[in-house]
Amino acid sequence: MEGFIRALPKIELHLHIEGTLEPEMMLELAKRNQVSIPYQTITDVHAAYAFSDLSAFYALYGLGVSVLKTEQDFYDLTWAYLKRCKEEHVLHTEISFDPQLHTRRGVEFGAVVNGICRALQEGCSTLEITSRLIMCFQRDLSQEEALETLQQTMPYKDSIIAVGLDSSEVGNPPEKFAQVFEKARQAGFLTVAHAGEDGPVDNIWHVLGKLQVARIDHGVRCTDDEKLVEHLVAAQIPLTVCPLSNVRLGVFAAMDEHNIADLLERGVCVTINSDDPAFFGGYMVDNFMAVANAFKLSKKDMARFSSNAIEASFLTSDEKEALH
Ligand code: HPA
Ligand code: ZN
């Protein structure tokens, strides 16, 4: 199975570029940019990764990304991820970034986007990996701050296909961002949102109804509502599921308790993704392998995750056709 999964053409749709910051690069950039972080060695960084829920993870995440300062840093980060994609036979990737993590500490929005985009263009021309870029609002911040961030995004509209919504759902329901999502849609952005990860199933209904998302990031709590599962199947609304992330953050107690195999069997358009691979213990192949090992899934089932991802992507129909 491992050989089959390695060789399977894969598409990644749920990946936070900041979540690909490996301990080695964190220490290197801390030195290069003279940023003080409370870790001296890779062992120190690993020891700090003792989070078991989303809010503890998020605190560590914010601290780690403080080493990213210049356009070159964002280029280096993105390029390292794309090289990994090449090794793992990921042919297309839709990358999210969290500008508010950076602009709040004085990094220019343009430095973030330009660094990422330069690597994505090079990834296309030299590694033959296609990509799209998604700008995420942090739901723990205010809608006013999201509106400001949307304004900063406007000059880069041609480089960013969609806006998204991430960080902790608890206390931050989708409705809080209805206005900024409407503005984003009017400006021509597609929309996605995290929902039904650490928040209730109602959040999934609300990102569909109130934010009009094209697909749902995580969405695993959908099985709390039979009618919602039926709706997801009938309308073929994709879920970008992140198995290792879900177990690491306690959304499921163990991989064999995950509902991804059940969702696949029921005809939901589920996909496998890595979320924040440097923090959650694995990239695409690791996530596919974890699912294959936990459930009795055939090679044909595993290939379904890839064909679902092609359909769920923001590629044009010609590009989708070429990948199938
Ligand atoms: N969940 C919510 N927000 C996030 C995550 C996640 O796993 N990773 C980065 N932002
Ligand atoms: Zn995520």
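These numbers were taken from a predicted model, which means no experiment stands behind them.

Colleague: Mind laying out the overall build of the chain, listing which residues take part and the relevant values?
Modeller: Helix and strand content of the chain: 17 helices and 8 strands. Over its C-alpha atoms the chain spans a radius of gyration of 18 Å, differing by no more than 12% from the 20 Å that the globule rule assigns to 324 residues. By its C-alpha atoms, the chain is 50 × 45 × 40 Å across when sized along the principal axes. In the chain, which comprises 324 residues, the proportion classed as buried is 45%. Partitioning the intrachain contacts of the chain with sequence separation of at least 6 by distance along the chain shows that 75% fall at a separation of at least 24.

Colleague: Which residues make up the sheet that holds strand 3 (residues 130–138), and what values do they have?
Modeller: Read across the open sheet, the 8 strands follow the order 1-2-3-4-5-6-7-8; overall the sheet is parallel. Only two strands of the sheet have a single neighbouring strand rather than two, namely strand 1 (10–16) and strand 8 (270–272). Taken over all neighbouring pairs, the strand axes of this sheet differ in orientation by 25° on average, direction set aside. Bridge count for strand 3 against strand 4 (residues 162–166) is 5 bridges, and the pairing is parallel. From the neighbouring strand, Phe137 faces strand 4, where its bridge partner is Leu165. Lying on the sheet, helix 15 (residues 284–294) is in contact with strand 1, strand 2 (90–97) and strand 8; it crosses strand 8 at an angle near 125°. Along the sheet face, helix 16 (residues 299–312) touches strand 1, strand 6 (215–218) and strand 8 and points at about 105° away from the line of strand 8.

Colleague: Could you give an account of the confidence of the model for the chain, with specific residues and numbers?
Modeller: Looking at the chain as a whole, the pLDDT averages 97, with 100% of positions reaching at least 70. What the predictor reports for the complex is a pTM of 0.98 with an ipTM of 0.94.

Colleague: Describe the environment of Val285, and please don't skip the residues or the numbers.
Modeller: Among the secondary structure elements, Val285 is positioned in helix 15. Looking at Val285, the number of C-beta atoms within 10 Å reads 19, which means it is partly exposed. When the C-alpha positions of Val285 and Lys183 are compared, they lie 37 Å apart, and in sequence the two are 102 residues distant. If we ignore the near neighbours within four places in the chain, the residues touching Val285 are Ile5, Arg6 and Glu88.

Colleague: Break down the environment of Ser142 for me, citing the residues and quoting the values.
Modeller: Checked against the element boundaries, Ser142 lands in the loop between strand 3 and helix 8 (143–153). Judged by local crowding, Ser142 falls into the partly exposed class, with 15 C-beta atoms found within 10 Å. Taking the C-alpha atoms as reference points, Ser142 and Val112, 30 residues apart in sequence, are found 21 Å from one another.

Colleague: Outline the nonpolar core, listing residues and values.
Modeller: Within the largest apolar cluster, 87 residues are counted, with the highest numbers of intra-cluster contacts made by Ile116, Ile134, Ala193, Val207, Ile216 and Val270. Per element, the largest residue contribution to this core is 6 residues, and it comes from helix 7 (residues 109–127). In this view, Ile134 contacts Glu94, Ile95, Ser96, Ile161, Ala162, Val163, Gly164 and Val192; residues no more than four positions away in its chain are not counted.

Colleague: Any details on the pairing of strand 5 (residues 190–195)? Residues and values, ideally.
Modeller: Most of strand 5 sits out of view: 5 of its 6 residues are buried. Where strand 4 and strand 5 come together, 2 bridges link them in parallel fashion. Residue pairing for strand 5: Val163 is matched across the bridge by Thr191. Bridge count for strand 5 against strand 6 is 4 bridges, and the pairing is parallel. What sits directly across from Ala193, in strand 6, is Ile216. Running through helix 10 (residues 202–209), the crossover from strand 5 to the neighbouring parallel element strand 6 is right-handed.

Colleague: Account for the packing of helix 5 (residues 71–87) against helix 7, naming residues and giving values.
Modeller: Closest axis-to-axis distance for the helix 5/helix 7 pair is 7 Å, and the angle between their directions is 35°. Note on packing geometry: the crossing formed by helix 5 with helix 7 is right-handed. Here helix 5 contributes Glu71, Gln72, Asp73, Phe74, Tyr75, Thr78, Trp79, Leu82 and Lys86 to the contact with helix 7, which in turn contributes Ala111, Val112, Asn114, Gly115, Ile116, Arg118, Ala119, Leu120, Gly123 and Leu127.

Colleague: Summarise helix 4 (residues 54–65); cite the residues concerned and give the values.
Modeller: Spacing of three or four residues puts side chains on the same side of an α-helix, whose turn is 3.6 residues. For helix 4, with 12 residues, the first-to-last C-alpha span of 16 Å sits near the 16 Å given by 1.5 Å per residue. Taken residue by residue, helix 4 has Leu54, Phe57, Tyr61, Gly64 and Val65 as its buried positions. For helix 4, the arc enclosing every buried residue in end-on projection is 85°, short of the 170-degree limit, so these residues lie on one face. Where the residues of helix 4 are buried, they touch helix 2 (23–32), helix 6 (99–103) and helix 14 (277–280).

Cut-offs and rules
- Residues numbered from 1 in each chain as written.
- Chains lettered and ligands numbered in written order.
- Predicted model: local features only at pLDDT ≥ 70, side-chain atom pairs only at ≥ 80, totals over all residues.
- Helix = DSSP H or I, 4+ residues; strand = E, 2+ residues; numbered from the N terminus.
- Rg over C-alpha atoms; globule rule 2.2 N^0.38 Å.
- Buried ≥ 20, exposed ≤ 12 C-beta atoms within 10 Å, placed from the backbone.
- Contact = placed C-beta atoms within 7 Å.
- Pairing = 2+ DSSP bridges.
- Axes fitted to C-alpha atoms, helices over the stretch in contact; angles between N-to-C directions.
- pLDDT = per-residue confidence, 0-100.
- Core = buried A, V, L, I, M, F, W, Y, C linked by C-beta atoms within 7 Å.
- Right-handed = clockwise from strand over helix to strand, strands pointing away.
- Left-handed = near helix turned anticlockwise from the far one by under 90°.
- Expected span 1.5 Å × (residues − 1).
- Arc of directions from axis to C-beta.

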